[in-house]
Amino acid sequence: MFKATLLVSVLFLSSAYATVAATAATSRSTYKLNMDLTLNGKHLASQGLLANEGEKSEVQQKYANGTGSYIVVTPETIEGENKHVHMKFVVGVLVKGQRHILSTPEMIATEGQPSTITVGDDDGPESYTLTVTASRQVSIKK
């Protein structure tokens, strides 16, 4: 009898824990990101996209000659910091259709305010500037 009670208790507690964990994992924020990329002093791209918290999102701009640029971003909510978002980026260019990573920067941005990262010297021959404005959208449930 004791073993049966113990087994039922363990199963009940396990399912309760799984329900709480699943609920916490399914409530995610979506961010609207407006991005501007400048490469070597020349404006390269202005893109906007919706990105789900914890998921990679990508935007790519490609020209007929095989050149272009791409940005991969993974936004993450910072616990206890409701108005800030942590973003991890992969910034790269396309040369003859091949991807070349320029940098993998990270930034913490205040929602609704433009945040800028410059890699390289502002006026140097090999530099880029990425400006991002992140705004939290409605929460989604999966």
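This text follows the structure it describes.
Here the structure is a predicted model, which is why all the values come from computation and not from measurement.

Enquirer: Help me understand the packing of aromatic side chains in this model?
Expert: The geometry of an aromatic ring pair comes down to the distance between the two centres and the angle between the two planes. Under the definition given, this model contains 0 aromatic pairs. A cation over an aromatic ring shows up here: Arg99 above the ring of Tyr70, its NZ or CZ 4.1 Å from the ring centre.

Enquirer: Just to check I follow, could you spell out the environment of Glu111 for this structure?
Expert: In this fold, Glu111 is placed in the loop between β8 (106-110) and β9 (115-119). We classify Glu111 as buried; its relative accessible area is 17%. Taking the C-alpha atoms as reference points, Glu111 and Lys83, 28 residues apart in sequence, are found 5.4 Å from one another. Residue contacts for Glu111: discarding those within four places in its chain leaves Tyr31, Asn82, Lys83, His84, Ala134 and Arg136. Here Arg136 takes part through its side chain, which lies 2.6 Å from a polar atom of the side chain of Glu111.

Enquirer: Can you help me understand the pairing of strand β2 (residues 30-39) in this one?
Expert: In the sheet, β2 pairs with strand β3 (residues 42-52) via 10 bridges, with the strands oriented antiparallel. Its bridge partner lying in β3, Tyr31 is registered against Ala51. In sequence, β2 turns back onto β3 through a hairpin of 2 residues, with Asn40 there showing a positive phi of about 50°. Two elements, β2 and strand β10 (residues 128-136), share 9 bridges in a ladder whose sense is antiparallel. In the strand pairing of β10, Met35 is matched with Val132.

About the criteria used
- Residues numbered from 1 in each chain as written.
- Predicted model: local features only at pLDDT ≥ 70, side-chain atom pairs only at ≥ 80, totals over all residues.
- Heavy atoms only, no water.
- Phe/Tyr/Trp six-rings, centres within 6.5 Å; stacked < 30°, edge-to-face > 60°.
- Lys NZ or Arg CZ within 6 Å of the ring centre and 35° of its normal.
- Helix = DSSP H or I, 4+ residues; strand = E, 2+ residues; numbered from the N terminus.
- Buried < 20%, exposed > 50% of the residue type's maximum accessible area, 1.4 Å probe, protein only.
- Contact = heavy atoms within 4.5 Å.
- Polar contact = N/O pair within 3.5 Å; in protein donor to acceptor, adjacent residues only side chain to side chain.
- Pairing = 2+ DSSP bridges.

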